[in-house]
Amino acid sequence: MVFQMDQIIMKAQGGGRIYLYPYGTIAMQIEEILTRRYGITNIIRIDNDLCKYNKEIIPIHELSGLIWNEKDVVLIASNNEKYFRDIRLTARKYVPEENIYDMLSDNPKLFASDLRIVSLAMVADEIYKKNISGAVAEAGVYKGDFAQHINMIFPDRRLYLFDSFEGFRKESVVEKFDNKDETAGFINRLKDTSVEEVMKKMTFPNQVIVKKGYIPETLKDVNETFAFVNLDMDLYLPIYEGLNFFWEKLSSGGYIFIHDFYVYAGAEKAVVQFCKEKKLGYIGLCDRCSVAIVKPID
Ligand SMILES: C[S@@+](CC[C@H](N)C(=O)[O-])C[C@H]1O[C@@H](n2cnc3c(N)ncnc32)[C@H](O)[C@@H]1O
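This one's a predicted model, so the numbers in the text were calculated from it and none came from an experiment.

### As for the overall build of the protein chain
What the protein chain contains, in helices and strands, is ten helices and twelve strands. Projected onto its principal axes, the C-alpha positions of the protein chain cover 70 × 40 × 35 Å. Within the protein chain, buried positions represent 39% of all 298 residues. Across the protein chain, contacts joining residues at least 24 apart in sequence account for 70% of those joining residues at least 6 apart.

Next up, the structure:
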């Protein structure tokens, strides 16, 4: 739920407990406003590091087993875009979702200007709400500009990154399906990247498994279940191979995004053919570029 000061004040004045987590500068400022201006004192400070130095601050695990009232609020008092999601996920281990309030500016769903990231954040919310298990993946990573958001938004999931990191190869082009005019310049493009460059962008690098090479070869030894996959390889063949592979490994309720459906003929053909064969539907995303497929929930 999105944080609104007046709601928090009403809940606190009605007897609710206000938990501030983590207890950094933002939490201190909110505490100051609540206590000085509104006389609210039922505030509990939570911070897993600072609790070592100050007994008035407790670690989050001390919330375990509490009975929650609808007036109780746990405010995720962080504006750290990178760690926000991780902090929130930790809170969810101990606190019911309806008692958790987010700082508005930290929820990618609300502030991201890239609509693909907004879609990713919304899908991630569904995945966490429904406890859809599995790793996450991107096939077609290039410099990791989208992959870094997958890593940040899914901090507790393994992230598989599939790319040659050396651009396209001619064997991936299928003349019958890929449009010659579109793909003519592909072969020498997008070589200016490396695994090191991509890894530098990751907030949670320990979660990342790099599969360097070309799809379909790099899919062979992957024995994993997935909750979310982004396919962004521009060409018919790797997208079609990717769809077949990841669909089998996708958890029920999981999502596959396919980028450039509305841009490249090969991407569109791969999705249309795959969906026809599997009797599936797809839906366009508001980035005006991607489509999404969802695996039915059992
Ligand atoms: C458009 S870029 C990906 C952009 C990236 N997803 C982003 O949002 O910043 C396409 C990538 O797909 C990779 N690629 C193309 N064919 C591939 C294949 N068969 N296997 C793996 N990667 C491939 C290219 O090397 C390139 O890095």
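### A look at the nonpolar core
Formed by 53 residues in total, the largest nonpolar core has its most connected members in Val136, Ala137, Phe226, Leu231, Ile239, Ile256 and Ile258. In contact with Val136, not counting residues within four places along its chain, are Ile150, Phe154, Arg157, Leu159, Phe226, Ala227 and Phe228. In this structure, Tyr19, Leu34, Leu75 and Val95 belong to the second largest nonpolar core, which totals 21 residues.

### With respect to the pairing of strand β10 (residues 250-258)
Side-chain direction in a regular strand flips from residue to residue, so the side chains alternate between the two faces of the sheet. Where burial is concerned, most of β10 is hidden: seven out of the nine residues are buried. For strand β9 (residues 226-231) and β10, the ladder comprises five bridges, and the chain directions are parallel. Among the inter-strand pairings, Val229 is bridged to a residue of β10, identified as Ile256. Read from β9 through helix α9 (residues 236-249) to β10, the crossover connection turns out right-handed. Sheet topology places β10 next to strand β12 (residues 291-294); four bridges connect them, and they run antiparallel. Along β12, the bridge assignment pairs Phe257 with Ala292.

### Let's talk about the domain arrangement of the protein chain
Taken as a whole, the protein chain is organised into domain 1 (5-106) and domain 2 (115-294). Inter-centroid distance (C-alpha atoms) of domain 1 to domain 2 is 36 Å. Domain 1 puts four residues into the contact, and the matching count from domain 2 is five residues. Residue classes in the side of domain 1 that touches domain 2 are distributed as one nonpolar, no polar and three charged.

### Thoughts on the sheet that holds β9
The sheet built from seven strands is open, its strands ordered β8-β7-β6-β9-β10-β12-β11 with mixed pairing. Looking at which strands have only one partner, the edges of the open sheet turn out to be β8 (208-212) and β11 (283-284).

### So, the site of the ligand
Around the ligand sit 21 residues in total, of which Gly140, Tyr142, Phe146, Asp232 and Pro238 are the nearest. Here the residues of the shell around the ligand are counted per class, giving eleven nonpolar, four polar and six charged.

### Describing unusual backbone geometry
Cis geometry is adopted by the peptide bond preceding Pro22, which originates at Tyr21 and carries an omega value of -5 degrees. Structurally, Pro22 is set in the loop between β1 (18-21) and α2 (25-38). Look at the link from Ile215 to Pro216: it is a cis peptide, with omega at 15 degrees. Checked against the element boundaries, Pro216 lands in the loop between β8 and β9. Positive phi values are uncommon outside glycine, yet Tyr142 reaches one of about 50 degrees. If you trace the backbone, Tyr142 turns up in the loop between β6 (135-139) and α6 (147-153). On the neighbour-count criterion, Tyr142 (20 C-beta atoms within 10 Å) is buried. Despite not being glycine, Arg288 shows a phi value in the positive range, around 65 degrees. Structurally, the position occupied by Arg288 is in the loop between β11 and β12.

### With respect to the environment of Asn69
The topology assignment puts Asn69 in the loop between β3 (57-58) and β4 (73-76). We classify Asn69 as partly exposed; it has 13 C-beta atoms within 10 Å. The spacing of Asn69 and Arg17 is 52 residues in sequence and 8.6 Å in space, taken between C-alpha atoms.

### Here we look at the sheet that holds β3
Whether parallel or antiparallel, the strands of a sheet pair through hydrogen bonds between backbone atoms. Taken in spatial order, the five strands of this open sheet run β3-β2-β1-β4-β5, and their pairing is parallel. Edge positions in the sheet fall to β3 and β5 (100-102), since each of these pairs with one other strand and no more. Looking at chain direction, β4 and β5 are connected through three bridges and run parallel. The residue of β5 that forms the bridge with Val74 is Ile100.

What counts as what
Residues numbered from 1 in each chain as written. Predicted model: local features only at pLDDT ≥ 70, side-chain atom pairs only at ≥ 80, totals over all residues. Helix = DSSP H or I, 4+ residues; strand = E, 2+ residues; numbered from the N terminus. Buried ≥ 20, exposed ≤ 12 C-beta atoms within 10 Å, placed from the backbone. Contact = placed C-beta atoms within 7 Å. Core = buried A, V, L, I, M, F, W, Y, C linked by C-beta atoms within 7 Å. Pairing = 2+ DSSP bridges. Right-handed = clockwise from strand over helix to strand, strands pointing away. Domains from an automatic or database assignment. Nonpolar A, V, L, I, M, F, W, Y, C, P; charged D, E, K, R; others polar. Near = placed C-beta within 6 Å.

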